Structures are given as C-alpha cells and as structure tokens.
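Take a look at the letters that make up each chain.
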Amino acid sequence: MNAVAAKQQQLDALQKRIQVEDPTPELRDGATQLVFGDGSAAAEIMFIGEAPGKHEDEQGKPFVGAAGKFLNEMLGMINLERQDVYITNIVKYRPPNNRDPLPNEKNAFLPFLQEQLAIIQPKLIVTLGRHSMDVLLPGLKISQVHGQPKRYKGHVYLPLFHPAAALYNGGMRQTLIDDFALIPVIVEKINKGTY
Ligand code: URA
C-alpha cells in the first residue's frame, strides 16, 4: 500500500471511531450526518473551519455551500484545487440553526482533530475564522494576527478570516484574498527550510 492509501485508511478508521465514541450526542442527534473531511490524505496544506452548515450537513462534505464556493475560488487563485489540499472543521456535526459551536463542543472534537493532523502531517495549517484558531492557537485575536504565520507546538499555522464572514464584506473579502496569496509563499519557504 502506498503512503497516501495508508493515511486514507487511518483517516477512515478515525472517522469510524468518532461515530463509535460519539463525543457530542446532542449535536449528532440534531444533524443528518458526520462531516469528517475532504481532500488529499497526504496534503501539504490543511484548512480548518468552524462547523458544518446546512449544505455540508446534507452532503457530508465540508465547505460545499456559499463559503465553500468562495474557498474554491480562492484556491483557484493560488492554482490549487480541493483535491490538492485537505479541508475539515473543528466541530464535525452541524450545530442547530447554525449557531456558533460551544466551547465544550470544540473541546470534545479537539483530540480527534489532533489525530487528523497527526495522520495527514500537513506542512501548513490554515485556520478559517476564530473558532478553529481559538482551539489551536489560544489567546490570539483574529483581527490582529490574520495573515501572519505562527509556529506553535511543532506546526506552522496561518490564521485567516472565515470565508463566510468575508463573503459580503468587500474590505474583508479583499483582505482574505490577499492573505490567501501568502499560502504558496509560506509553503515554499517551509519546503526550502527558510521559514
Ligand atoms: N463554514 C464552516 O466553517 N465550515 C463548513 O464546512 C462550511 C461553512
């Protein structure tokens, strides 16, 4: 088995374990299905959003609604497609009425997200919005640190605004596009050992 297939097998096993361990029974109860992740198991870049919305809940894939369309567009701007990267959320069931995920829900999923990271071993972790940033890079303010790569606990992170927040806000939209353009530059530096 090649390395990518081996990682995919580990991801499949992790997905099943979440279903068995059932970290948030109430969220699971109100959701259609688990939204685990999408993309390459051997991706260099991993994007982490907040929680599934209506479309994600229906389709079982992260970022397939309006925010996802914008995310796909921004990936295209840096010559990437969804299958080149890995996309997931901190919370893997849709919260009722799209409310913000609660701190205990984020904490319940954190060990599984850490395992997902350990399997994929991305070179760059891009957090989308404050919810995934809060659990992975605690104590930061997104308005102050967006677009600034951070080394923390053995990983390199790039905190970005959430595409949904930027969708209908022209200024934030351009900021997010500009921040996104840093992704290939940072990955190249990491690969060259100059970051
Ligand atoms: N917003 C998120 O944070 N995640 C999704 O999967 C979709 C929208």
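Here we summarise the structure given alongside this text. All of these numbers come straight from a predicted model, not from anything done at the bench.

1. Some remarks on the site of the ligand
Step number 1: Every residue close to the ligand is listed here: Gly49, Glu50, Ala51, Glu56, Pro62, Phe63, Asn89 and His162.
Step number 2: Glutamate 50 is positioned such that a nitrogen or oxygen atom in its backbone is 2.8 Å from an oxygen atom of the ligand.
Step number 3: Asparagine 89 is positioned such that a nitrogen or oxygen atom in its side chain is 2.7 Å from a nitrogen atom of the ligand.
Step number 4: With respect to the pocket detection grid, the ligand is positioned in the largest pocket.
Step number 5: A class-by-class count of the residues in the shell around the ligand yields three nonpolar, three polar and two charged.

2. Considerations on the layout of surface pockets
Step number 1: In this structure, the largest pocket spans a volume of roughly 560 Å³.
Step number 2: Every residue lining the largest pocket is counted, 28 residues in all, and those nearest its centre are Glu50, Ala51, Ala67, His162 and Ala164.
Step number 3: Broken down by secondary-structure element, the contributors of at least two residues to the lining of the largest pocket are helix H3 (54-59), helix H4 (66-77), helix H6 (130-136) and helix H8 (163-167).

3. Examining the nonpolar core
Step number 1: Among the nonpolar cores identified, the biggest contains 57 residues, and Phe47, Val126, Phe180 and Ile183 are the most heavily contacted of them.
Step number 2: Among the elements that make up this core, the one with the highest residue count is helix H5 (residues 103-120) (seven residues).
Step number 3: Residues contacting valine 126, with those up to four places away along its chain left out, are Ile45, Met46, Phe47, Ile48, Leu158, Leu160 and Ile183.

4. A closer look at the sheet that holds strand S3 (residues 86-89)
Step number 1: On the basis of which strands lie adjacent, the open sheet formed by six strands has the order S1-S3-S2-S4-S6-S5 and mixed pairing. Across the chains shown, the open sheet's two edge strands, defined by having one partner strand only, are strand S1 (38-39) and strand S5 (150-152).
Step number 2: With four bridges joining them, strand S2 (residues 45-49) and strand S4 (residues 124-128) adopt parallel strand pairing. Looking at S4, one finds that isoleucine 48 is bridged to threonine 127.
Step number 3: Along the sheet, H5 makes contact with S2, S3 and S4, crossing S2 at roughly 165°.
Step number 4: Of the strands in this sheet, S2, S4 and strand S6 (155-160) are in contact with helix H10 (residues 182-192), which crosses S4 at around 155°.

5. A short note on the packing of H4 against helix H9 (residues 170-180)
Step number 1: With their axes 10 Å apart at the nearest point, H4 and H9 run at an angle of 45° to one another. The orientation of H4 with respect to H9, classified from their angle, is oblique. At the point where H4 passes H9, the crossing takes the right-handed sense. Each of Phe70, Leu71, Glu73, Met74, Leu75 and Met77 in H4 lies in contact with H9, whose residues at this interface are Arg173, Leu176, Ile177 and Phe180.
Step number 2: Looking at the contact of H4 with H9, its residues break down into eight nonpolar, no polar and two charged.

6. Considering the packing of aromatic side chains
Step number 1: Here the structure, examined in full by the defined rule, presents two aromatic pairs.
Step number 2: For the pair tyrosine 93 and phenylalanine 109, a centre-to-centre distance of 6.2 Å together with 55° between the ring planes defines the contact as tilted. Taken together, the positions of tyrosine 93 in the loop between S3 and H5 and phenylalanine 109 in helix H5 put the pair 16 residues apart, joining distant regions of the chain.
Step number 3: Residue tyrosine 93 is classed as buried on the basis of its relative accessible area, which comes to 4%.
Step number 4: In this structure, arginine 173 packs its charged tip against the face of phenylalanine 70, placed 4.3 Å from the ring centre.

7. A look at the pairing of S4
Step number 1: Of all five residues in S4, five are buried, a share of seventy percent or more.
Step number 2: Neither face of S4 is open: one carries Leu124, Val126 and Leu128, the other Ile125 and Thr127, and all of them are buried.
Step number 3: As paired strands, S4 and S6 are joined by four bridges and run parallel to one another. Its bridge partner lying in S6, valine 126 is registered against leucine 158.

8. Notes on the pattern of salt bridges
Step number 1: According to the stated counting rule, one finds eleven salt bridges in the structure shown.
Step number 2: For glutamate 115, the salt bridge identified is with arginine 17, shortest N-O distance 2.6 Å. Placement of the pair is glutamate 115 in helix H5 and arginine 17 in helix H1 (residues 3-21), with a sequence separation of 98 residues.
Step number 3: Ionic pairing is found between arginine 82 and aspartate 38, a salt bridge with its closest N-O pair at 3.0 Å. Of the two residues, arginine 82 sits in the loop between H4 and S3 while aspartate 38 sits in strand S1, which places them 44 residues apart along the sequence. By the burial criterion, arginine 82 is buried, and aspartate 38 matches it.
Step number 4: Taken together, the shared-partner salt bridges in this structure form one network comprising Arg17, Glu21 and Glu115.

Rules used in this analysis
Residues numbered from 1 in each chain as written. Predicted model: local features only at pLDDT ≥ 70, side-chain atom pairs only at ≥ 80, totals over all residues. Heavy atoms only, no water. Near = heavy atom within 4 Å. Polar contact = N/O pair within 3.5 Å; in protein donor to acceptor, adjacent residues only side chain to side chain. 1 Å grid on protein atoms, 1.4 Å probe; cavity = no way out; pocket = protein on both sides within 12 Å on 5 of 7 lines; lining within 4 Å. Sits in = over half its atoms within 2 Å of the grid points. Nonpolar A, V, L, I, M, F, W, Y, C, P; charged D, E, K, R; others polar. Points joined across faces, edges and corners; volume = space filled by probe spheres on them. Helix = DSSP H or I, 4+ residues; strand = E, 2+ residues; numbered from the N terminus. Core = buried A, V, L, I, M, F, W, Y, C linked by side-chain atoms within 4.5 Å. Buried < 20%, exposed > 50% of the residue type's maximum accessible area, 1.4 Å probe, protein only. Contact = heavy atoms within 4.5 Å. Pairing = 2+ DSSP bridges. Axes fitted to C-alpha atoms, helices over the stretch in contact; angles between N-to-C directions. Parallel < 35°, antiparallel > 145°, perpendicular 65-115°, else oblique. Left-handed = near helix turned anticlockwise from the far one by under 90°. Phe/Tyr/Trp six-rings, centres within 6.5 Å; stacked < 30°, edge-to-face > 60°. Lys NZ or Arg CZ within 6 Å of the ring centre and 35° of its normal. Salt bridge = Lys/Arg side-chain N within 4 Å of Asp/Glu carboxyl O.

On their own, these measurements won't tell you what the molecule is for.
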